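An overview of the molecular structure
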Amino acid sequence: MSEPDTVSPDGDDDAAIASGPVLAVFAHPDDCEIAAGGTLAKWASAGREVHLLVLTNGDRGSQDRNLDRAELARIRAQETADGARIMGMSSVTVLDVHDGDLANTEEIRAEVVRRIRQVRPTVVVSCDPTAWFFDDRYYNHSDHRTAGEIALDAVYPGAGNPHYFTDHLDQGLEPHDAARMWLGWTLEPNHHEDVTGFLDTKVRALAAHASQLAEGIAFFEEELEKEAVSAGERIGAEHAESFRVLELR
Ligand SMILES: [Zn+2]
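Residues numbered from 1 in each chain as written. Predicted model: local features only at pLDDT ≥ 70, side-chain atom pairs only at ≥ 80, totals over all residues. Heavy atoms only, no water.

Focus: the overall build of the chain
Selection criterion: Where helices and strands are cited, they refer to DSSP runs of H or I of at least four residues and of E of at least two residues respectively, numbered from the N terminus. As a reference, a globule follows 2.2 Å times the number of residues to the power 0.38, and the radius of gyration itself is taken over C-alpha atoms. Each residue's exposure class comes from its accessible area (1.4 Å probe, protein chains only) as a fraction of the maximum for that residue type: buried when under 20%, exposed when over 50%, partly exposed otherwise. In what follows, a contact means two residues having at least one pair of non-hydrogen atoms within 4.5 Å. Only the protein chains shown count as cover for residues, and all accessible areas are computed by the Shrake-Rupley method using a 1.4 Å probe. We count Lys and Arg on the positive side and Asp and Glu on the negative side, and we leave His and both chain ends out. Charge coordinates come from a single atom per side chain, which is NZ of Lys, CZ of Arg, CG of Asp or CD of Glu.
When its secondary structure is counted, the chain shows eight helices and nine strands. A compact globule built from 249 residues should have a C-alpha radius of gyration of about 18 Å, and the chain, at 18 Å, falls within 12% of that. Taken over the C-alpha atoms alone, the chain extends approximately 60 × 45 × 30 Å along its principal axes. The burial tally for the chain puts 49% of its 249 residues in the buried class. Across the chain, every contact between residues at least 6 apart in sequence was considered, and the portion connecting residues at least 24 apart equals 81%. Summing over all exposed atoms, the chain offers an accessible surface of approximately 12,400 Å²; the carbon and sulfur share of this is 49%. In the chain, the 22 positive side-chain charges and the 46 negative ones have mean positions that sit 1 Å from each other.

Okay, here's the thing in structure tokens:
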């Protein structure tokens, strides 16, 4: 029997939560840049461990019917690694699930719970699964909504409970409760993170996903800046990113 650990970053101390490891869980290789790239880059630049888990391999991210999907997955894995390096991330994992086929299954939750128990994040970042319709212009990809659900279900009730995925415990991993969920791509933000100085990093990381930018990065650069300026106005900052933040403990 070991003593409960009361002074580790797993504790409730706000400073420990704000400086502890981060796990970002998103559906597609380029999602985390768009939804949270400025915040993730800012945290990494502050010396925080930031890990990325991508739940699909992005192998439907093309309109070219002659493009080989396995080849596209391979290209996108490299782009993911390049984008993560630009944001200063500590690790990247891409699951071998087909783009468009993401489902909230026990098998996928097991993978996310495993990563949570390995990384032991104080903050898990994902996207808001309740966000469906944006400005009467488009609606959210099913993989994005599903990724948010999977991340939430993996955090609770999953990673912190020793009766879920007990084989992890046999392998030496311990249950872990993340203190915060930060959900991007949300229609109900309750927090705007100042990312002034990191918009350029976000755009450069997104530009690494060249297979997705047949028209170039200019469109995204303009849209992301508009979004960042508008979120920034809410807090009097030049640029910000918006999240629904859940304080779980
Ligand atoms: Zn996506």
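Notes on the environment of Gly-100
Tracing the backbone through its elements, the reader meets Gly-100 in the loop between strand 3 (91-94) and helix 4 (106-119). For Gly-100, a relative accessible area of 36% corresponds to the partly exposed category. When the C-alpha positions of Gly-100 and Leu-173 are compared, they lie 31 Å apart, and in sequence the two are 73 residues distant. With near-sequence residues (within four places) excluded, Gly-100 lies in contact with Arg-60, His-141 and Asp-143.

Observations concerning the coordination of the zinc ion
Rules: Any N, O or S atom lying within 2.8 Å of the metal counts as a donor, and for Na, K and Ca the limit rises to 3.2 Å; water is left out, so some sites can look incomplete.
Only His-28 (ND1), Asp-31 (OD) and His-144 (NE2) from the protein coordinate the zinc ion, and they sit 2.0 to 2.1 Å from it. Mapping the donors of the zinc ion onto the primary sequence yields the spacing H-x2-D-x112-H. Remark: His-144 occurs in helix 5 (residues 142-159) and His-28 occurs in the loop between strand 1 (22-26) and helix 2 (31-45); sequence separation between them is 116 residues. Here the two residues His-28 and His-144 agree in accessibility, since each one is buried.

A look at the nonpolar core
Our working rule: What we call a nonpolar core is a set of buried Ala, Val, Leu, Ile, Met, Phe, Trp, Tyr and Cys residues that are connected through their side-chain atoms within 4.5 Å.
Counting 34 residues, the largest nonpolar core has Phe-26, Leu-40, Trp-43, Met-89 and Val-125 as its most contacted members. Those elements that place two or more of their residues in this core are strand 1, helix 2, strand 2 (50-54), strand 4 (123-127), helix 7 (199-207), helix 8 (218-233) and strand 9 (240-247). Take this core: its biggest share by element is eight residues, from helix 2. Residues within four places of Val-125 in sequence aside, it is in contact with Val-22, Leu-23, Ala-24, Val-25, Phe-26, Ala-36, Leu-40, Trp-43, Trp-182 and Phe-243. If you look at the next biggest cluster of nonpolar residues, it comprises 25 residues, including Leu-102, Ile-116, Val-155 and Leu-183.

Observations concerning the pattern of salt bridges
Rules: Here, a salt bridge means any Lys or Arg side-chain nitrogen found within 4 Å of an Asp or Glu carboxyl oxygen.
Under the criterion given, the structure shown has 14 salt bridges. Here Glu-188 makes a salt bridge to Arg-244, at a shortest N to O gap of 2.8 Å. A residue pair is termed long-range when its members are at least 10 positions apart, and Glu-188 in the loop between strand 7 (180-184) and strand 8 (191-194) and Arg-244 in strand 9 qualify at 56 residues. Residue Lys-226 pairs with Glu-223 through a salt bridge whose shortest N-O separation is 3.2 Å. Placement of both Lys-226 and Glu-223 in helix 8 is noted, with a separation of three residues, approximately one turn of the helix. Using a relative accessible area of 25% as the deciding quantity, one classes Glu-223 as partly exposed. Beyond isolated ion pairs, a larger network of salt bridges with shared partners links Asp-14, Arg-180 and Glu-247.

Considerations on unusual backbone geometry
A cis amide bond links Tyr-156 to the next residue, Pro-157, at an omega of 0°. In this fold, Pro-157 is placed in helix 5. Positive phi outside glycine occurs at Asp-135, with the angle close to 50°. Phi is positive for Phe-165, which is not a glycine, with a value near 50°. Examined against the element boundaries, Phe-165 turns out to sit in the loop between helix 5 and helix 6 (166-170).

Observations concerning a negative patch on the surface
What counts is decided by this rule: Patch rule: a residue counts if its relative accessible area is over 30% and it has no salt bridge; like charges are joined within 9 Å, and nonpolar side chains (Val, Leu, Ile, Met, Phe, Trp, Tyr) within 5 Å.
A surface patch of like charges, here negative, comprises Asp-194, Glu-221, Glu-222, Glu-225 and Glu-238. Ranked by residues supplied to the negative patch, first place goes to helix 8 with three residues. The residue Asp-194 is located in strand 8 in this model. Taking relative accessible area as the criterion, Asp-194 reaches 32% and is therefore assigned partly exposed.

Fair warning: the whole summary comes from geometry, so function is off the table for now.
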